[in-house]
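# Examining the three-dimensional arrangement
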Amino acid sequence: MSKGSTLATARAELDALSASGREFLGVRHAILGGAMSWLSERHLVSATSNCGAFGVIATGSLSPEELREEIQQTFALTDKPFGVNVIIMHPELDALLRVCIDEGVGHVVLAGGMPLRSATDLLKNFDIKIIAFAPTLPVAKKLIRQGVDAFIIEGMEAGGHTGPVSTSVLCQEILPHLRDVPVFVGGGIGRGDAIALYMEMGAAGCQIGTRFVCATESIAHKNFKKIILHAKARDAQLSVQFDPDFPVIPVRALTNKATEQFFVAQRDAIARYRAGELDQKEAQLVIEHFWAGSLRRAVIDGDVEHGSLMAGQSVGMVECEQPVADIVEELMSQATEALADRIGRLSTG
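Along each chain, the written sequence defines residue order, and numbers are assigned to residues from 1. In keeping with the model being predicted, local features are shown solely for residues with a pLDDT of at least 70 and side-chain atom pairs are shown and tallied solely at 80 or more, while totals for entire chains, interfaces and linings include all residues. Excluded from the side-chain calculation are hydrogens and water; included are all heavy atoms of the structure.

## Let's talk about the side chain of R252
Under the scheme used here, helices are H or I runs from DSSP no shorter than 4 residues and strands are E runs no shorter than 2 residues, and both carry numbers assigned from the N terminus. Summarising the element assignment, R252 is placed in strand β11 (residues 251-254). Per-residue accessibility, obtained with a 1.4 Å probe over protein chains only, is compared with the maximum for each type, and a residue is labelled buried under 20%, exposed over 50%, and partly exposed between these values. Asp and Glu count as negative and Lys and Arg as positive, but His and the ends of the chain are not part of the count. Just to be clear on terms, a salt bridge is a Lys or Arg side-chain nitrogen sitting within 4 Å of an Asp or Glu carboxyl oxygen. Buried charge R252 goes without a salt bridge, the closest partner of opposite sign being E157 at 6.6 Å. Only heavy atoms enter the contact rule, under which two residues are in contact if any of them lie within 4.5 Å. Each residue touching R252, except ones within four places of it in the same chain, is listed here: M156, E157, A158, G159, G160, A236, Q237, L238, M310, A311, G312 and Q313.

Following this line, the structure appears as structure tokens:
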């Protein structure tokens, strides 16, 4: 088999493997943009959708009216499908969902925990496609009965708030048993080879976040992009919990002075609790408020010493600033070539 025919066969195979994901999202490439607070806004989202992938607006830092403006401005920049990621713990959850309904958003990603029945029922009433996160197979099966249409399984290699299990293990646990709905895999994916591998395992597509941080269209501060471009996988560490009585939601980020200061802040708050200066709730709030505003401080303001440098372990594969379209083309070319290599080895074996 010639190289040209092998690549053609691989492209057809990749299309077949991603068919359910592409049809569900309404896109050419089954790549779902990871929702990154402050960065997944109109410019990055529209650029992602315009090149044939699927952009997702992050609402973690938005009020309902700010979200309305963001959706409208994104529609002004693209006529392609895009979605909105809504954190279910947001104090204005219902208002955010109603903005999505009012503005004609076709897909909503419910993140941050188990979606409420009221939220899924509301979205289903308006024929909005629902994507949720599946940390385990039983949770996924329960959410299917609740009306969820598709899932993201995200491993601990991902940036930001993350779970305790690696992407590869989650895929082995879930993909063979969840064939009736599209499942997108995320966490630690920086090359198309991995996309091809997970699709061969049964994924309908993949979620990509960290690779897009340094996109030309990303509004990340130049200082933040510089840090990302020089970072390696081992630099993206999970936040450390000082005391089991004061739980910390794990966050993966590049280590900096703020990382060290967070450890000191935990120690001091707990010492004040032990001394009777604070009750347990007050001490927990001191710990939780440490990172308030810190992501914006790094991503938008450029304070990379004292802000939060959220990034996944794929950060070492971010090697240059380039347009989103080039990143997507590179990923899909790598995926095709990986499949072609396997097809070629089989044909000669």
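## As for the pairing of strand β5 (residues 129-133)
Think of it this way: DSSP has to see at least two bridges between two strands before they count as a pair. Examined bridge by bridge, strand β4 (residues 107-111) and β5 share 4 bridges and lie parallel to one another. Of the residues in β5, the one forming a bridge with H107 is K129. Crossover connection from β4 via helix α6 (residues 117-125) to parallel β5: handedness right-handed. Looking at chain direction, β5 and strand β6 (residues 150-154) are connected through 3 bridges and run parallel. Bridge pairing links F133 to I152 in β6. Here a crossover is taken to be right-handed if, once the strands point away from the viewer, the path from the first strand over the helix to the second is traced clockwise. Once the chain exits β5 it traverses helix α7 (residues 137-145) before rejoining the sheet at β6, and the crossover so formed is right-handed.

## Some details on a nonpolar patch on the surface
Each patch is built from residues that are more than 30% exposed by relative accessible area and take part in no salt bridge. Like charges join if they lie within 9 Å; nonpolar side chains (Val, Leu, Ile, Met, Phe, Trp, Tyr) join within 5 Å. We get accessible surface area from the Shrake-Rupley algorithm with a probe of 1.4 Å; when it comes to residues, only the shown protein chains can shield them. Residues V240, F242 and F263 make up a contiguous nonpolar surface patch of about 240 Å² in total accessible area. Mapping F242 onto the fold places it in the loop between β10 (236-238) and β11.

## Here we look at the sheet that holds strand β8 (residues 183-186)
Taken in spatial order, the 8 strands line up as β1-β9-β8-β6-β5-β4-β3-β2 in an open sheet, and their pairing is parallel. Of all the strands in the sheet, the pair left with one neighbour each is β1 (31-33) and β2 (55-58). Each neighbouring strand pair of the sheet contributes to a mean axis angle of 25°, computed without reference to strand direction. Across 3 bridges, the pairing between β8 and strand β9 (residues 205-208) is parallel. The partner of G186 across the bridge, within β9, is Q207. To get an axis, a line is fitted to the C-alpha atoms, and for a helix only the part in contact is used. The angle between two axes follows their N-to-C directions and goes from 0 to 180 degrees. In the packing of helix α5 (residues 93-102) onto the sheet, contacts are made with β3 (82-87) and β4, and the angle to β3 comes to roughly 170°.

## Concerning the pattern of salt bridges
Tallied over the full model, the rule gives 17 salt bridges. R68 is the partner of E65 in a salt bridge, and the nearest nitrogen-oxygen pair spans 3.4 Å. Of the two residues, E65 and R68 are both situated in helix α4 (residues 64-77); the distance of 3 residues between them amounts to about one turn of the helix. Note on E65: relative accessible area 52%, which makes it exposed. Between D94 and R98 there is a salt bridge whose closest N-O contact spans 3.2 Å. Taken together, the residues D94 and R98, both in helix α5 and 4 residues apart, mark about one turn of the helix.

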